[in-house]
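# Survey of secondary and tertiary structure
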Amino acid sequence: MTFTWTLWLALFGLIFGHGLPGAVVGGITGFIIDSLRKGQRARVTPEAGGYISPLFNVLGAVAKSDGRVSEAEIAVAERVMQRMGLEHEQRKQAIIAFNQGKQPEFNVSLAIEELRRWVGLRRDHAFPVLDVVIETVLAEGNPPPEKMAILRQLAFALRVSDMELMALMAMKGYAWNATGYSRGHGPYGGNGGYVPPQRNTQGPDPYTVLGIARSVDDRAVKRAYRKLISEHHPDRLGDLPEAMRKQAESRASEINAAYERIKAERGFK
């Protein structure tokens, strides 16, 4: 923590506040301001590397949620470590966290809360985290309800709506309809049945990618595109690993492609 305000206000108090007593009052006031500024920065800028343990905790919990951890799910965790370029100690940390997440008694809500605190106010950091978890959720194809329940719990904690989650799933080539689902009752339909995300053989639906209905007007399409591309632009990702930055670039490409398809379909510029 820097002590800019502490020093300046202490000096101000020394000069204009009758010597030492003024310096003490000024220093205390400045220290409070510096502490508040540090807390604000902590909420805005995630700590570098602070996501590794809780993220791999969640990946382990997702993998084990249906009762077994498959080779495909382990392969996803390995690919994520490689893409992130984790150093030896970070890799050990990730493996330990993944194995912790696999334990039957593991409380995934605690790991999700850690990720929520790490993301803080940076929703643009939430999407790369969800991207990685979605990879594990979809590792074996159409996921069971247990995996989707953890994914939706994480999305809710990171302030990502079902509509936005549908868009992220669409970018992965899966169609998922959250309509009628209840946050409090897991990923089930109103009749108690579960309909998993399905691979879309025709490619991502451009309207789902932009998070809009086909019935919206051209102005709403443009507004949705501008909002999405600003949130997903890789230049906003700060100190995230290069692998997550590349994922953001991929998302931005999907958003641009969806927008171009809609423009071509509707005939506007």
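This one's a predicted model, so the numbers in the text were calculated from it and none came from an experiment.

Take the overall build of the protein next. For the protein, the helix and strand inventory stands at 12 helices and two strands. Start at the N end of the protein and walk to the C end: the helices and strands fall as α-α-α-α-α-α-α-α-α-β-β-α-α-α. Relative to its 269 residues, the protein shows a buried fraction of 45%. Residue pairs at least 24 apart in sequence account for 73% of intrachain contacts in the protein once pairs closer than 6 positions are excluded. For the protein, the exposed area adds up to about 14,000 Å²; of that, 57% sits on carbon and sulfur atoms.

Let's shift gears to the confidence of the model for the protein. Per-chain confidence: the protein averages 78 in pLDDT, with 71% of residues scoring 70 or above. Ranking the elements of the protein by mean pLDDT puts helix H2 (residues 20-44) last with 57 and helix H3 (residues 52-64) first with 95. Across residues 39-48, where pLDDT falls below 50, the model places 14 contacts with residues more than four positions away in sequence or in other chains. This model gives residues 182-191 a pLDDT under 50, and the stretch forms 22 contacts once residues within four places in sequence are excluded.

Quick look at the packing of H3 against helix H6 (residues 108-119) now. One can describe the packing of H3 onto H6 by two numbers: an axis separation of 8 Å at closest approach and a directional angle of 145 degrees. Helix-helix and strand crossings are classified by hand; for H3 and H6 the assignment is left-handed. Taking contact as the criterion, the partners of Pro54, Leu55, Asn57, Val58 and Ala61 in H3 are, on H6, Val108, Ala111, Ile112, Glu114 and Leu115. Class assignment for the residues of the contact of H3 with H6 results in eight nonpolar, one polar and one charged.

Taking 1.5 Å of rise per residue, 12 residues should cover 16 Å, and H6 covers 17 Å from first to last C-alpha, within 8% of that figure. All buried positions along H6 are accounted for by Val108, Ala111, Ile112, Leu115, Trp118 and Val119. Angular distribution of buried residues about the axis of H6 spans 120 degrees; they occupy a single face of the element. Counted as exposed and oriented over 90 degrees from the buried face of H6: Leu110 and Arg117. Capping of H6 at its N-terminal end is provided by asparagine 107; its side-chain oxygen lies 3.1 Å from the backbone amide nitrogen of serine 109. Phi turns positive one or two residues past the end of H6, at glycine 120, with a value near 60 degrees.

With that settled, consider the nonpolar core. If you look at the biggest cluster of nonpolar residues, it comprises 64 residues, and the most contacted ones within it are Phe56, Val58, Val133, Leu151 and Leu210. Every residue in contact with valine 58, bar those within four places of it in the chain, is listed here: Val108, Ala111, Ile112, Leu115, Val133 and Ile150.

One pass over the structure, following the stated rule, counts 13 salt bridges. Among the salt bridges present, the one from glutamate 73 reaches lysine 147, with a minimum N-O distance of 2.7 Å. One end of the pair, glutamate 73, is in helix H4 (residues 71-84); the other, lysine 147, is in helix H8 (residues 145-157), with 74 residues separating them in the sequence. As a salt-bridge pair, aspartate 205 and arginine 214 come within 2.6 Å of each other at their nearest N and O atoms. Each of the salt bridges in this network shares a partner with another, and the network as a whole consists of Asp66, Glu73 and Lys147.

Thresholds applied
Residues numbered from 1 in each chain as written. Predicted model: local features only at pLDDT ≥ 70, side-chain atom pairs only at ≥ 80, totals over all residues. Heavy atoms only, no water. Helix = DSSP H or I, 4+ residues; strand = E, 2+ residues; numbered from the N terminus. Buried < 20%, exposed > 50% of the residue type's maximum accessible area, 1.4 Å probe, protein only. Contact = heavy atoms within 4.5 Å. Areas by Shrake-Rupley, 256 points an atom, 1.4 Å probe, with all protein chains shown as cover. pLDDT = per-residue confidence, 0-100. Axes fitted to C-alpha atoms, helices over the stretch in contact; angles between N-to-C directions. Left-handed = near helix turned anticlockwise from the far one by under 90°. Nonpolar A, V, L, I, M, F, W, Y, C, P; charged D, E, K, R; others polar. Expected span 1.5 Å × (residues − 1). Arc of directions from axis to C-beta. Polar contact = N/O pair within 3.5 Å; in protein donor to acceptor, adjacent residues only side chain to side chain. Core = buried A, V, L, I, M, F, W, Y, C linked by side-chain atoms within 4.5 Å. Salt bridge = Lys/Arg side-chain N within 4 Å of Asp/Glu carboxyl O.

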